[in-house]
Amino acid sequence: MSIKLVVTDLDGTLLTSDKKVSPRAMRAIEAMRERGVHFTIATGRNTASAAGIIRQLQIQAPVIVGNGAFVHDPDGKKFYHKELMPEKDIQTVMDVTREMDTSFYAFDEELIYCPRTRATEESVRWFAIAKNPILQKSFRWFDTYEQVMEAVSGRTAKLLIIEGDLEKNARVRAEVERRVKVMIVNSEPEKLDISNYGVSKGRAIRQVAEILGLKKEEVLALGDGENDAEMMENAGIGVAMKNAVDAVKNAADFVTLDNDADGFAYAIERFVLHEE
């Protein structure tokens, strides 16, 4: 059965390390479009952070953001799925970050809310804000955790903890998991993405395929981070990047080249365009 939908992660997968879409990847996407293959993204980013790439790639299918908490049209106007976190779970995660002196970020579709603490301010460098003017405008800083909680109540679908000390990162993750039942994954080694239990890119892929009237066997998914493992299991062909974590590689049907060696384009050329 031929592939009729391609879903790709962004950071570490479609994008190179300098956050660009390579010319070869752009040619592969254009070739898919000419053949009538649907193409979309599945990212942990929020809508505002992904908007520029959505426009650049001229995506027309529903997009997956917030690790699957949001599924909406490319303009972000029509939502097919929206799952917000309850206030008590947000508070519990916030308490852990305060007690363990690590960073805390809360996301809605457009903005990123964070306390003005040493740990959070130091961790902002992981966002590469200087290269992304959209992100510069997205941050909302508050003097206290209580002010953050008041601002995010009833509007947050994803939390993020950035902890560069990987041993401490593991301890923080274990403490969050001990206190509250949520979906928590390392989207990158230093980043802990947190959302409602059950939210995942894999579930969102099934939703997009259903919207488009497609079967699992007609879907190809590409990814690299722990939050991409369920995508591999919910696609007819799961493709892991060479730079992917073992959980993704183990769940995939094929391991392509890394994200700086046109691994995305290579996989599309092989499985969708059949240029080999």
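Thresholds, definitions, all that
- Residues numbered from 1 in each chain as written.
- Predicted model: local features only at pLDDT ≥ 70, side-chain atom pairs only at ≥ 80, totals over all residues.
- Heavy atoms only, no water.
- Axes fitted to C-alpha atoms, helices over the stretch in contact; angles between N-to-C directions.
- Helix = DSSP H or I, 4+ residues; strand = E, 2+ residues; numbered from the N terminus.
- Parallel < 35°, antiparallel > 145°, perpendicular 65-115°, else oblique.
- Left-handed = near helix turned anticlockwise from the far one by under 90°.
- Contact = heavy atoms within 4.5 Å.
- Pairing = 2+ DSSP bridges.
- Expected span 1.5 Å × (residues − 1).
- Buried < 20%, exposed > 50% of the residue type's maximum accessible area, 1.4 Å probe, protein only.
- Arc of directions from axis to C-beta.
- Polar contact = N/O pair within 3.5 Å; in protein donor to acceptor, adjacent residues only side chain to side chain.

Hey, could you run me through the packing of helix α3 (residues 87-99) against helix α6 (residues 145-152) in this one?
Angle between the axes and distance between the axes: these two values describe a pair of packed helices. Where α3 contacts α6, the axes come no closer than 11 Å and their chain directions differ by 155°. Here α3 is positioned roughly antiparallel relative to α6, judged by the angle of their axes. With respect to the hand of their crossing, α3 and α6 are arranged in right-handed fashion. Only Tyr-145, Glu-146, Val-148, Met-149 and Val-152 of α6 make contact with α3, whose side of the interface consists of Glu-87, Ile-90, Gln-91, Met-94, Thr-97 and Arg-98.

Can you walk me through the sheet that holds strand β9 (residues 158-162) in this structure?
In sheet architecture, strand pairing relies on hydrogen bonds along the backbone and comes in two forms, parallel and antiparallel. The six strands lie next to each other as β8-β7-β6-β9-β11-β10, forming an open sheet whose pairing is mixed. Lying at the two open borders of the sheet, with one neighbouring strand each, are β8 (139-142) and β10 (182-188). Averaged over neighbouring strand pairs, the angle between their axes works out to 25° when direction is ignored. Taken together, the six bridges between β10 and strand β11 (residues 191-196) define a ladder with antiparallel strand orientation. Across the sheet, residue Val-182 finds its bridge partner in β11, namely Asn-196. Of the strands in this sheet, β9, β10 and β11 are in contact with α3, which crosses β9 at around 10°. Contacts from helix α7 (residues 166-179) reach β9, β10 and β11 within the one sheet, and its direction differs from that of β10 by about 165°.

Looking at this model, I keep getting lost on α7. Mind explaining?
Residue pairs three or four apart in sequence face the same way in an α-helix, which turns once every 3.6 residues. In this model, α7 (14 residues) spans 20 Å end to end at C-alpha, consistent with the 20 Å of a helix rising 1.5 Å per residue. Taken residue by residue, α7 has Lys-168, Asn-169, Val-172, Arg-173, Glu-175 and Val-176 as its buried positions. When α7 is viewed along its axis, its buried side chains cluster within an angular range of 165° and face the same direction. Those residues of α7 that are exposed and angled more than 90 degrees off the buried face are Glu-167 and Arg-178. Buried residues belonging to α7 abut α3, β9, β10 and β11. Where α7 begins, the side chain of Asp-165 points an oxygen toward the backbone nitrogen of Glu-167, at a separation of 3.2 Å.

Which parts of the structure should I look at to understand the packing of helix α1 (residues 23-34) against helix α11 (residues 263-271)?
Contact pair α1 / α11: the axes reach a minimum separation of 8 Å and the direction vectors enclose 30°. Accordingly, the angle class assigned to the pair α1 and α11 is roughly parallel. The chirality of how α1 crosses α11 is left-handed. For the pair α1 and α11, contact is made by Arg-24, Ala-25, Ala-28, Ile-29 and Met-32 and by Phe-264, Ala-265, Tyr-266, Ile-268 and Glu-269, respectively.

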